Number of protein chains: 2
Amino acid sequence: MPRSAVGQSSVREANLAIVLQTVCGAPEPPSRADLAGRLTMTRATSARLVDELVEGGLVDEIDPLVPRRGRPARLLLPGSGVGALGLLADTDKVVARVVSLRGDVLAQVRRDVDMIGLDPDEGLAHVARAGREVLDAAGSVRVVGTALAIPGVVADGRTLVRAPNLDWTDVDLAARLGPVGRAGSLLEVGNEADLAATAVVEEAPGRVGPWPDFLYLSGTRGVGGAVVSRGRVVTGEHGGAGEFGHVCVDPSGPVCPCGSQGCLERYAALEPLAAAAGLRPDQVGSIGERAAAGDERCVETLAHLAWALSVALASVVNVVGISSVVLGGHLGRLEPYIRDDLRARLDARVLGARWAPVQVQAASDTSSSPADGAALLVLRRLLEHPVGWL
Amino acid sequence: MPRSAVGQSSVREANLAIVLQTVCGAPEPPSRADLAGRLTMTRATSARLVDELVEGGLVDEIDPLVPRRGRPARLLLPGSGVGALGLLADTDKVVARVVSLRGDVLAQVRRDVDMIGLDPDEGLAHVARAGREVLDAAGSVRVVGTALAIPGVVADGRTLVRAPNLDWTDVDLAARLGPVGRAGSLLEVGNEADLAATAVVEEAPGRVGPWPDFLYLSGTRGVGGAVVSRGRVVTGEHGGAGEFGHVCVDPSGPVCPCGSQGCLERYAALEPLAAAAGLRPDQVGSIGERAAAGDERCVETLAHLAWALSVALASVVNVVGISSVVLGGHLGRLEPYIRDDLRARLDARVLGARWAPVQVQAASDTSSSPADGAALLVLRRLLEHPVGWL
DNA sequence: TCGAATAAGTTTGATGGTAGAACTTAAAAC
DNA sequence: GTTTTAAGTTCTACCATCAAACTTATTCGA
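Residues numbered from 1 in each chain as written. Chains lettered and ligands numbered in written order. Predicted model: local features only at pLDDT ≥ 70, side-chain atom pairs only at ≥ 80, totals over all residues. Heavy atoms only, no water.

Another point: the protein's contact with DNA strand C. Taken together, 29 residues sit near DNA strand C, with Gln8, Arg43, Gly70 and Arg74 of chain A together with Arg69 of chain B positioned nearest. Between DNA strand C and Thr45 of chain B there is a distance of 3.2 Å, counted from a phosphate oxygen to a side-chain nitrogen or oxygen. For the surface near DNA strand C, the secondary-structure elements that each account for two or more residues are helix 2 (32-38) and helix 3 (43-55) of chain A together with helix 1 (8-25) and helix 3 (43-55) of chain B. Along the lines of polarity and charge, the residues of the surface near DNA strand C split into eleven nonpolar, eight polar and ten charged. (Near = heavy atom within 4 Å. Polar contact = N/O pair within 3.5 Å; in protein donor to acceptor, adjacent residues only side chain to side chain. Helix = DSSP H or I, 4+ residues; strand = E, 2+ residues; numbered from the N terminus. Nonpolar A, V, L, I, M, F, W, Y, C, P; charged D, E, K, R; others polar.)

See below:
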């Protein structure tokens, strides 16, 4: 539905955004002339736009490193003095990071906090304190906005509808976050797994990595995830997408607290895995090594896990047509030990596997990535609409 | 990834598209002044753009019906002399329709053909003949392009990768369709279920109906469907999305020809339903009435169907966060008889059902809608980029 | 050391599109 | 028949990009 017409000021705004995005997305720092060539605009126009971005601090100029024939180009990099604050309120910890437009983590605080049992105001106080500390540490950086990652369903990018593990319901997080939320003018709240997936998509602000389409599956206390299509997280109508944990593996399987039966969570979450392997939950990460060392029970546990994942994921792959799977959390940790089994089972179950074999990968790290993703989300807004910050 | 900069010609193109889309999407025919107000452009600009569209036949002018104070407005309607050819090659029939920009079916041919066993050239000859006939019947209409709906996986909107029921593999349909495909300069091929879903989304070209997000599930020989998000069909990385028929209902369920076990298709496709009810496949549509009349076996069949659908759909709803379901084909026919049961089971299985209860609906008709959807697909291209046709 | 070659960046005027405001037109209301 | 209302038109101003000539900074070669 078209809302509004386009004027020539929109042209300038659009081109500013395009130039900034190109600078951020480029593998090598481009010059004004490079941009002109790549974007089919004249050098005059490119220079005009770049000058404006440099003036506003969104783009930095550096002198060329390798000498070349001709007048040396002034190379352009994303502004290092501009960043965003990414926050994570998890069940067992709080993370705050300031990430620059260049993708550098300028400051970070990570603190173990048992959030379970805390009410929203108490929990958010921990988050806000961590946020203030990194803002201080980041010093002179211009922070354009804040985003908060939370393990729950978020509506409209502002309100927490329900976070089952924290037992928080209907909290206007954006309003209750206090002054830290007002660092910069952007403020967003997002689902933890969605934002972790965002961090997988973008290697740096505006630079989309090699996988624009994948299913992200994160194993923690529960099993969450996200569907990423064309570089964007699919949030669904009401923000309730990505509940991989409650895909049905076996309708006559174990009862799930959600009221259903045989949910993936009952096979792949931390506790069921620990129980199956006869270990403590914090030992789940070692199941792979134990299995490799010959522990029969762990071998069986992994086989059962691969089976359950294959049933659930095959259904999803058949419906959304995305055949790359990225595993995070303890599932990422176990991925090397189930990869081949899982892939073989998926190829047998996925209809299109003949021409698009299913890829399985582990996300490198996981514990802070929702905070990175939160910062990236804010910076993405900046990249989409830079005019306001010039 | 930004490809190219924006110039002022893009402004004109964008505004032409916006004006045309607004004319097509408006519930009541607007005037030039209405458009100016709604799109925040001046009356001067709106008039200039509209004149160009009228000149090119994409917009028609009519005199106002109800007299009003002031100078009477000339009302604007989508051009009735412009249309697209939608084709459907199904297993048992061929359909060809010319649909105008206004949404009217200007001509139609529908012919029962047993396509099973025919090779692509033989089958496409039937399609092409039907296409030629409707083009003749449509007479002076300017046909901007053709689209073909086919029950199979389509890549890049051109090539059929695999149509299991027709047993066609790797056919460049766009090339082999012959002159009918070159009626107008647009030519696309799409999956039958995807295009049927497109016809559900758009009531008329450019007019998105009340459900921009839904899962479309169509029961025929198999069970296909589409995920529609924000008014767009999700095609996946390689066009292989929407295979609802192979969502796993029960991993220890009946064996499926796909190589897996307990696929939804084994519970909800025509033949399994007929077998369960002890009827011929062509009698499946009457299971609802028979059950209502007290036929125990049909009652049980419907209950089992609702159960299987609920298991499969709940998983999908939990992952993609879309909680409206539209049923087509024989599933649409049976929908009134399973609706309540299905909805109750879904609400029990869907995690977010508390704040977003699952909606279940039947698509009104089904047999020709892929052809309508095909035509709508072409007309959508026209609406997105009208400059080429002026 | 100096000039030619090369390529980046800058200036200038032309072009094309929308914005704004005054003007014209067509019909109903009085 | 005059007034009122609102649609549509005309004209000028403005703004962003384009095109092409021009300036600048460096390397290469004599």
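Another point: the interface of chain A and chain B. With 61 residues of chain A at the contact, the number on the chain B side is 60 residues. Of the roughly 4,700 Å² buried at the junction of chain A and chain B (both faces included), carbon and sulfur atoms supply 61%. For the pair chain A and chain B, the interface holds 21 residue pairs in polar contact (both at pLDDT 80 or more). Counted by class, the side of chain A that touches chain B contains 30 nonpolar, 22 polar and nine charged residues. (Contact = heavy atoms within 4.5 Å. Buried area = accessible area lost by both parts, 1.4 Å probe.)

All names here are of chain B. Extensive coverage of strand 4 (residues 93-100) is indicated by the burial of eight of its eight residues. Burial along strand 4 is two-sided: the residues Lys93, Val95, Arg97 and Val99 and Val94, Ala96, Val98 and Ser100 are all buried. The pairing of strand 3 (residues 82-89) with strand 4 spans seven bridges and is antiparallel. Across the sheet, Ala84 pairs through a bridge with Val99, a residue of strand 4. Adjacent in sequence and paired antiparallel, strand 3 and strand 4 are bridged by three residues. Pairing between strand 4 and strand 5 (residues 105-112): seven bridges, direction antiparallel. Note that in strand 5 the partner of Lys93 across the bridge is Asp112. Taking the residues that link successive antiparallel strands as the turn, the strand 4-strand 5 hairpin has four residues, and the phi of Gly103 there is positive, at about 100°. (Buried < 20%, exposed > 50% of the residue type's maximum accessible area, 1.4 Å probe, protein only. Pairing = 2+ DSSP bridges.)

It is worth spelling out the pattern of salt bridges at this point. What the rule picks out here adds up to 46 salt bridges over all chains. Where Glu202 of chain B meets Arg380 of chain B, a salt bridge forms, and the shortest distance between an N and an O atom there is 2.7 Å. Here Glu202 of chain B, found in strand 11 (residues 202-204), pairs with Arg380 of chain B, found in helix 12 (residues 369-384); they are 178 residues apart in sequence, far enough to count as distant. When sorted by exposure, Glu202 of chain B lands in the same class as Arg380 of chain B, which is buried. Here the residues in one salt-bridge network are Arg32, Asp51, Glu61, Asp63 and Arg74 of chain A, joined through shared partners. (Salt bridge = Lys/Arg side-chain N within 4 Å of Asp/Glu carboxyl O.)

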